[in-house]
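Secondary and tertiary structure notes
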Amino acid sequence: MPACVPARHDHTSRSWRQSNGPGIKRPHSPPPPRRGGRFRIAGADLSASITVLLIAVPMSLGLAVAMDAPLEAGLVAAAVGGIVAGLLGGTPLQVSGPSAGLTVVTAELIQIYGWRTTCAITIGAGLLQMLLGAVRAARSALVVSPAIVHGTLAGIGVSIALAQLHIVLGGSPQSTAVDNALALPAQLDRISPAAPLIGGLTIAILMAWPRLPGRIGRAVRRIPAALASVAIATAVAAVAAPGIARVDLPSWRSHALPELPQGPVLGLATAVFTVTLVASLESLLAAVAVDKLTTDRAGRQGAGPPAPAAPTAPPVRRSDLDRELRGQGISNVLSGLLGGLPVSGGAVRSSANVRAGATGRAATVLHGVWVLLAAGLLVTALEWIPLAALAALVMMVGIQMVSFAHIRNVHKHREFPVYGATITAVVLFGVLRGVVIGVAVAVVIALHRLARTRITVTDRGGQHLVVVRGQLTFLAVPRLSRTLGRIPHGSDAVVELDGSFMDHAAYETIQDWSNAQTAQGGRVVFTGRSGGRIAEPASAAHSCCRPWTPWRNHHCHDRPKPESVHHDCGTRSGDGEHHTTAITADPSPSPGTTDTTAADTMTDITSNATPGTSASAPAAEPIPGTPSSPTPPAAPRGTGAHRLVSGLSSFQRNTAPLVRDELARLAREGQHPSQLFITCADSRLVTSMITASGPGDLFTVRNVGNLVPPPGAEAGDESVGAAIEYAVEVLQVESITVCGHSGCGAMQALLGAKPDNPQTPLWRWLRHGLPSLQRMTSRHRAWARISGRLPADAVEQLCLTNVVQQLDHLRAHESVARRLAEGTLQLHGMYFHVGEAQAYLLTEGASAGTCLDEVFDHVGPGDPAGSGELERTSA
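Attention here is on the structure that accompanies the text. (Residues numbered from 1 in each chain as written. Predicted model: local features only at pLDDT ≥ 70, side-chain atom pairs only at ≥ 80, totals over all residues. Heavy atoms only, no water.)

All right, on to the pattern of salt bridges then. For the structure on display, the rule yields 9 salt bridges. Residue Arg469 pairs with Glu496 through a salt bridge whose shortest N-O separation is 3.1 Å. Placement of Arg469 in strand β6 (residues 463-469) and of Glu496 in strand β7 (residues 492-498) is noted, with a sequence separation of 27 residues between them. In this structure, Arg469 and Glu496 share a single accessibility class: buried. (Salt bridge = Lys/Arg side-chain N within 4 Å of Asp/Glu carboxyl O. Helix = DSSP H or I, 4+ residues; strand = E, 2+ residues; numbered from the N terminus. Buried < 20%, exposed > 50% of the residue type's maximum accessible area, 1.4 Å probe, protein only.)

Our next topic: the sheet that holds β6. Pairing within the open sheet is mixed, and its 4 strands lie in the order β5-β6-β7-β8. In this open sheet, the two strands that pair with only one neighbour each are β5 (454-460) and β8 (524-527). Neighbour-to-neighbour, the strand axes of this sheet turn through a mean angle of 15°, independent of strand direction. Pairing geometry for β5 and β6, over 7 bridges, is antiparallel. Its bridge partner lying in β6, Asp459 is registered against His464. On top of the sheet, helix α20 (residues 477-485) reaches β5 and β6; it is set at about 5° to β5, its chief contact. Of the strands in this sheet, β7 and β8 touch helix α21 (residues 504-519), which is tilted by about 145° from β8. (Pairing = 2+ DSSP bridges. Axes fitted to C-alpha atoms, helices over the stretch in contact; angles between N-to-C directions. Contact = heavy atoms within 4.5 Å.)

So, about unusual backbone geometry. Even without being a glycine, Arg136 presents a positive backbone phi close to 60°. Within the element layout of this structure, Arg136 appears in the loop between α4 (115-134) and α5 (138-141). We note that Ala837 has phi near 50°; this positive angle belongs to a residue other than glycine. Residue position: Ala837 is located in the loop between β15 (826-833) and β16 (838-842).

The next point concerns the sheet that holds strand β17 (residues 855-858). The strand order across the open sheet built from 7 strands is β12-β11-β13-β15-β16-β17-β14, with neighbouring strands paired in mixed fashion. Each end of this open sheet is capped by a strand with a single partner; those strands are β12 (698-703) and β14 (785-786). Where strand β13 (residues 735-741) lies against β15, 7 bridges are found, and the strand directions are parallel. Bridge pairing in β15 places Gly740 opposite Tyr831. Of the strands in this sheet, β11 (675-680), β12 and β13 are in contact with helix α24 (residues 719-730), which crosses β12 at around 170°.

Okay, the nonpolar core next. Counting 77 residues, the largest nonpolar core has Leu61, Ile121 and Leu341 as the members making the most contacts within it. Apart from the residues lying within four places of it in its own chain, the contact partners of Ile121 are Leu109, Tyr113, Leu268, Ala271, Val272 and Val275. (Core = buried A, V, L, I, M, F, W, Y, C linked by side-chain atoms within 4.5 Å.)

Right, let's talk about the side chain of Glu282 for a bit. Tracing the backbone through its elements, the reader meets Glu282 in helix α11 (residues 265-303). A distance of 3.0 Å separates a polar atom in the side chain of Glu282 from a polar atom in the side chain of Ser344. Contact partners of Glu282, with chain neighbours within four places excluded, come to Ser99, Ala100, Gly101, Leu102, Ser344 and Gly345. (Polar contact = N/O pair within 3.5 Å; in protein donor to acceptor, adjacent residues only side chain to side chain.)

Here we come to the state of the cysteines. Scanning all chains against the criterion turns up 0 disulfides. In this structure Cys799 is not part of a disulfide, and its nearest cysteine sulfur, from Cys744, lies 5.0 Å away. Since its relative accessible area comes to 2%, Cys799 is described here as buried. (Disulfide = S-S within 2.5 Å.)

So this is what it looks like as structure tokens:
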């Protein structure tokens, strides 16, 4: 059956089919590479270059002001960075220019050595960058701990903000961040109103511009916030504060060029190394960020309708970091020779370039050309810009370098002390010393964690519990030996190891002690922190059938002699905790069987997946009666009855004793589920397993295609509507989840539906999915999509769209609408990829019906969620 999305325009169509024949090219595949390397300019590159120009000019001038450098030096660096790094760098969409990360360093160098020697230092840093790129050291630079890198950039950002705050207040910055902080009270005493008002206006526009509402706001937001804020502040200053300090661009005839460096050799070498380090790290981190932005943009464009007249652009390659480092080095050499500021890749300019639709190097290079033209033709206009507006712009750039997302990330990985030490040291002592201190703190913490091992022994009535917290290295062997020596010979012991590393010395110590205990009649069991055994013999494989997550007893009774394949079985105890035990079992079902559980599934009308299909893209299961339906294999007579009896017997033998008390409590207290879960009847969708829930958690409704008929459309079958009303009105559930899944046979049947299909009960039911098909093919609707990748095929696209459409049907029910208005009910959209065992949640705005951005976000193993609850989390 063809799996092709119907045309959204009369002259365009989309298909995920790939042609395998030689010489056949898909309609949307990139064109073959052109020979000769001719530089091509697309319309998107032209518009993107203008967008970046409008950001780059005020930012370049502002950074020059912040560094106390000649203002035209910022324009030189922007032009050289755009043209040279754009042509020679390894990241086509990255826009280079004056380095925000080097603001403090360059200002200090200018103060110590003067401007012309600083240009020579820039040349030296460029040569060193070229050398590092030639020896392919770019990847090694990213080995530095992210806590140190982000701490360095955050410390630079704090220093920038403190310095520019003085200019915003109408004064002049001091030489160091500490001096700027100490001088703030005196600056506040002699504050003049004009500069703070213009600076405050600039900051307010910067913050409010991206949030302008309505149709007018969407149109106005096409103008970059940086340009809008500086332009409005300039216009207001021209009327309200004509005497305010403004940009003063000297004549290009007096532009200063570099001279032979003068000063102590060690100091100059340190300066060259510092500029190289900061500029290289800033450029490489920006290149990695540009790769991510480009990938995300490709995913969004691939999931949406194609532009009819848009030219097919070649895909942008991932960054070549060594080439990028060489390109940045050449740019710094030329910038220094021409009297420009140090150059690096900029995250602000680059993200604007990607979001503006740039497709290649042409946008970056053209931006540099426009900067050159602006420097020659717009001098009069640029000299109207107030210094306070540029200072406010750069101050906001500095504040944004302190990223709360980075802080949360380093805190999650227990590296906040490294981050805090680095940012503090950069502010107090400068960039190079700050980096050295950050590295030293990181090494000390790593050694401390490696050496800190807690070992305790608890006597539990003849059985001793030995708990080891931390890594077991030779440093911990003396304490380990003393602790184990206190345990009586021949006694039973449980050793709980909570660490990720054990060296040879510690292993030998534990092994020798265990052998001695066993030889004297004792029994030693090694476990992890959860209490499960680290290793069990194959004879213990039947323990897979014990607890009450249904997947654990999946077909255990069908295979008395499992193969020896290790995997983890999660168990759920009565108090809701989850444990993990490494055991020996075969997780694959027997040939011809279907992954079903008596506790959580109903009958399914679909057949088994096509043999040989990939786990990452399972084949959609056909509906009987549709074209190309394979004949289901005949099951052996009596197999179903035997499997039912065996499953029930296994439950009574292994699981019932564990859950009897909990079920008895639920029988006494009644059911109080927290959510209604509407999903497909597909036998492979085990809701209790994928939501980690148990008895009493979910009120589940299953049907073919996870459909929710609108009120009054069920024509005699009101079971779904009755379940919704009962769950919302009587059970007072807190949330409702509509869950679709990959390879849904109902969605495939809808794609292949024909007007002459027989009006069987199945097809009369599937008509409730026709609005989903219409939504997907409508040119007025955005397509639902998965974050990070394109839908695998048309079936997956319809599965995603169907979840969004059924949520709309759900909101039409009176009881649901009332609870939503009261704020006591939440709706969730969910998609489960069976082959990948991966869940995706619909973004919060789309679930609430307040956002058109219908994206299903990946749910990772580290995302927080309560047991049995589907909570929306940020990635």
